[in-house]
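Examining the three-dimensional arrangement
Chain by chain, the residues run as shown.
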Amino acid sequence: MASAHTELSSTMPQTPHSKRLIDLRRSLPTQDGAGVHIQRVHDFRGGLDPFLMIDELKSDQEDDYIAGFPPHPHRGFETITYILHGGITHEDSMGHKGEVHAGGAQWMSAAHGVIHSEMPLKDQQGLHGFQVWINLPAKRKLETPHYRDVHPQEMGQVNWAHGKLIAIAGHWQTDQGEAQGALAQLGEKAAMADLRLQGGSSITLNDADQYPLLVMPYRGQFNEGPRQGQLGIYKDGNTVTLSSPEDTGALLFTGPPLREPIAHYGPFVMNTEQELQQAIEDYQSGALIERAVIDETR
């Protein structure tokens with residue numbers, strides 16, 4: 001059986017200044033919450049820095065997802081949940097309640113601490129969505145938490161004859177135009193977009209900062225790149241051209257690596273084991289959300 005990720009040769013053909021596809025990682029089946037079936041790519045050792053985990057929730061079988069994610073804590077990172085079909089509701093310890101449907105997203109910066117629940121909603125095609133974990137730098141891990149629903153009409157778009165790019169967060173520049181996401185950034189200047197290409201078409205993404213680019217198709221495939229069920233990692237350049245032999249949809253992620261130590265246990269992501277133990281103790285004592293409650297009522 002193939003390994004979960006495959007290192008690619010550094011001698012692959014490339015044009016000057018173009019990013020290289022250096023790694024392909026396969027999403028693997030797991031369960032989380034109250035038994036929700038998930039396809040997951042994760043790396044808490046910095047391989048996707050500043051991203052930590054990408055979960056895909058996709059099923060037309062209600063029993064695979066309807067139990068959802070009952071109340072649970074988070075500290076030290078951000079989440080964004082993006083919906084293609086169905087929907088999701090949110091309630092948290094800050095008093096927020098939200099609901100988004102196809103094309104919408106829910107963003108939460110857990111920071112100092114949040115307890116929240118996420119319960120799925122279905123449509124005729126069931127549920128299809130993603131939840132992404134984005135790391136926060138050490139200096140921001142204990143900030144006040146925040147939450148926001150993001151609706152489709154808030155997202156900037158690049159539309160052309162053979163495709164569409166939907167900017168969910170951050171600024172995106174392409175050879176077909178540019179778009180600004182509804183969220184200025186994820187984490188520390190990270191960005192996310194939904195790319196949809198018709199078969200036989202292509203797009204070139206421009207990146208003056210030369211940050212790594214993660215490409216995760218949820219439908220179709222790219223020529224000499226990732227296909228559905230894989231995550232492609234591109235590095236070392238300021239452009240990348242994605243072309244597809246068939247109709248393809250994919251999530252795109254980019255941002256500056258934090259290059260900080262990661263200490264992870266369940267719903268907590270800190271920098272040291274001592275900070276991790278403190279998060280667990282704060283959750284058990286109720287201090288995890290104490291600051292959030294105080295700050296939100298000022």
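Everything below is about the structure printed above this text.
A brief look at the structure comes next.

Notes on the overall build of the chain
Tallying secondary structure elements over the chain gives 2 helices and 25 strands in all. The principal-axis extent of the C-alpha atoms belonging to the chain is close to 55 × 45 × 45 Å. Relative to its full complement of 298 residues, the chain shows a buried share of 53%. Look at the contacts in the chain between residues 6 or more apart in sequence, and 70% of them connect residues 24 or more apart. Of the accessible surface of the chain, which amounts to about 13400 Å², a share of 48% is contributed by carbon and sulfur atoms. Across the chain, the mean location of the 23 positive side-chain charges is 4 Å away from that of the 38 negative side-chain charges.

Quick look at the pattern of salt bridges
For the structure shown, the criterion picks out 14 salt bridges. Linking glutamate 78 and arginine 140 is a salt bridge whose minimum nitrogen-to-oxygen distance equals 3.7 Å. Residue glutamate 78 is found in strand 7 (residues 77-85), and its partner arginine 140 is found in the loop between strand 12 (127-135) and strand 13 (146-150); the two are separated by 62 residues along the sequence. Connected through shared salt-bridge partners, Glu78, Lys139, Arg140, Glu143 and Glu188 make up one network.

Remarks on empty space enclosed by the protein
Counted under the stated rule, the structure contains 1 cavity of 30 Å³ or more. Thr79, Thr81, His90, Gln106, Trp107, Met108, His116, Glu118 and Tyr147 are the residues that line the largest cavity. Among the elements of the structure, strand 7, strand 10 (105-109) and strand 11 (114-121) are those that each provide at least two residues to the lining of the largest cavity. Across the lining of the largest cavity, the residue classes break down as 3 nonpolar, 5 polar and 1 charged.

So, the nonpolar core
The biggest cluster of nonpolar side chains holds 30 residues, and the ones touching the most others in it are Ile80, Tyr82, Leu186 and Met192. Residue assignment for this core shows that the elements contributing at least two residues are strand 5 (51-59), strand 7, strand 10, strand 12, strand 15 (163-169), strand 20 (213-219), strand 21 (230-235) and strand 23 (248-254). In this structure methionine 192 touches Ile80, Tyr82, Val132, Ile166, Ala167, Ile168, Ala169, Trp172, Leu186, Leu251, Leu252 and Phe253, once residues within four positions along its chain are discounted. With 22 residues, the next largest nonpolar core counts Val158, Ile203, Leu205 and Tyr234 among its residues.

Some points on the packing of aromatic side chains
One pass over the structure, following the stated rule, counts 5 aromatic pairs. On the numbers, 6.2 Å between centres and 80° between planes, the contact of phenylalanine 44 with tryptophan 133 is edge-to-face. Taken as a pair, phenylalanine 44 in the loop between strand 4 (36-42) and strand 5 and tryptophan 133 in strand 12 lie far apart in primary sequence, 89 residues in all. Ring pairing ties together the aromatic residues Phe44, Phe77 and Trp133, which thus form one cluster.

Structural notes on the side chain of aspartate 194
Of note, aspartate 194 is situated in strand 18 (residues 191-197). Overall, the relative accessible area of 0% leaves aspartate 194 in the buried class. In this structure the side chain of aspartate 194 is engaged in a polar contact, spanning 2.8 Å, whose partner is the side chain of arginine 196. Not counting the four nearest positions on each side in its chain, aspartate 194 is found in contact with Tyr82, Leu84, Lys164, Leu165, Ile166, Ile168, Tyr218, Ala250 and Leu251.

Rules used in this analysis
Residues numbered from 1 in each chain as written. Predicted model: local features only at pLDDT ≥ 70, side-chain atom pairs only at ≥ 80, totals over all residues. Heavy atoms only, no water. Helix = DSSP H or I, 4+ residues; strand = E, 2+ residues; numbered from the N terminus. Buried < 20%, exposed > 50% of the residue type's maximum accessible area, 1.4 Å probe, protein only. Contact = heavy atoms within 4.5 Å. Areas by Shrake-Rupley, 256 points an atom, 1.4 Å probe, with all protein chains shown as cover. Lys, Arg positive; Asp, Glu negative; His and termini not counted. Charge placed at Lys NZ, Arg CZ, Asp CG, Glu CD. Salt bridge = Lys/Arg side-chain N within 4 Å of Asp/Glu carboxyl O. 1 Å grid on protein atoms, 1.4 Å probe; cavity = no way out; pocket = protein on both sides within 12 Å on 5 of 7 lines; lining within 4 Å. Points joined across faces, edges and corners; volume = space filled by probe spheres on them. Nonpolar A, V, L, I, M, F, W, Y, C, P; charged D, E, K, R; others polar. Core = buried A, V, L, I, M, F, W, Y, C linked by side-chain atoms within 4.5 Å. Phe/Tyr/Trp six-rings, centres within 6.5 Å; stacked < 30°, edge-to-face > 60°. Polar contact = N/O pair within 3.5 Å; in protein donor to acceptor, adjacent residues only side chain to side chain.

Shape descriptors only; they carry no functional weight alone.
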